[in-house]
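Chain by chain, the residues:
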Amino acid sequence: MPQEIEFEEAPDVPDIEPVYVHKGKASYYADFFHGRTTASGERFSQNRLTAASRRLPLGSRVTVTNADNGRSVEVVINDRGPYVKGRVIDLSRKAASELGMIEDGVVNVRVEARPSDQPNRSLRHRLERMVAALYPDRKPASEPPVTVAERPEPDLTGTDLTGTDLGAAE
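Now for a quick tour of the structure. (Residues numbered from 1 in each chain as written. Predicted model: local features only at pLDDT ≥ 70, side-chain atom pairs only at ≥ 80, totals over all residues. Heavy atoms only, no water.)

Overview of the environment of Ala95
The residue Ala95 is located in helix H1 (residues 93-98) in this model. Residue class for Ala95 comes out buried when judged on its relative accessible area of 0%. Each C-alpha atom, one on Ala95 and one on Ser72, is 9.1 Å from the other, the two residues being 23 residues apart in sequence. (Helix = DSSP H or I, 4+ residues; strand = E, 2+ residues; numbered from the N terminus. Buried < 20%, exposed > 50% of the residue type's maximum accessible area, 1.4 Å probe, protein only.)

Observations concerning the packing of aromatic side chains
Evaluation of the coordinates by the stated rule reveals three aromatic pairs. Pairing Phe32 with Phe33 gives two aromatic rings, centres 5.1 Å apart and planes at 85°, and the pair type is edge-to-face. By way of ring pairs, the aromatic residues Tyr29, Phe32, Phe33 and Phe44 are connected into one cluster. (Phe/Tyr/Trp six-rings, centres within 6.5 Å; stacked < 30°, edge-to-face > 60°.)

Section: the sheet that holds strand E4 (residues 72-79)
Strand pairing within a sheet occurs via backbone hydrogen bonds; the two strands may be parallel or antiparallel. Judged by pairing direction, the barrel is mixed, and its six strands sit side by side in the order E1-E5-E2-E4-E3-E6 before closing back on the first. The sheet shows a mean angle of 45° between the axes of neighbouring strands, taken without regard to direction. As defined by bridge partners, strand E2 (residues 50-52) adjoins strand E5 (residues 87-91) across two bridges and the pair is classed as antiparallel. Following the sheet pairing, Ala52 is matched in E5 by Asp90. (Pairing = 2+ DSSP bridges. Axes fitted to C-alpha atoms, helices over the stretch in contact; angles between N-to-C directions.)

Written out as structure tokens, the structure reads:
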């Protein structure tokens, strides 16, 4: 039985752009992965503001906010994962530190991706299409923008989507 998805509309204010919002739990990479190759082909560094996401395009810039303390950080998606049910993003140690989550290991977060924050036109268009796919009846230029509220994660138990285990801190 498919899970029900909840959506929330942004207020009718013309200058607010559509935003892809993902809520869930965040964890951070174990030190073991420092120096390994990411899905984007670059070396993973615990000292950079990067993250892994299953849904967002590689290279996307997103803002991650710790729901418990309100602290935020901007990261670049450069890897795939996490592959633990309920987790929406894996962060580098530096990003986790900025969010104040090192001691907790796993915290509730809000991940926001704005098309206008993207480094190139291709990523802007991909994020615009992600939001438009959730609201096929809306036209971006003529309709008020929307915000995606909470989107449940699929159950990936027993599924190996990449052949690798990211081994995020728990």
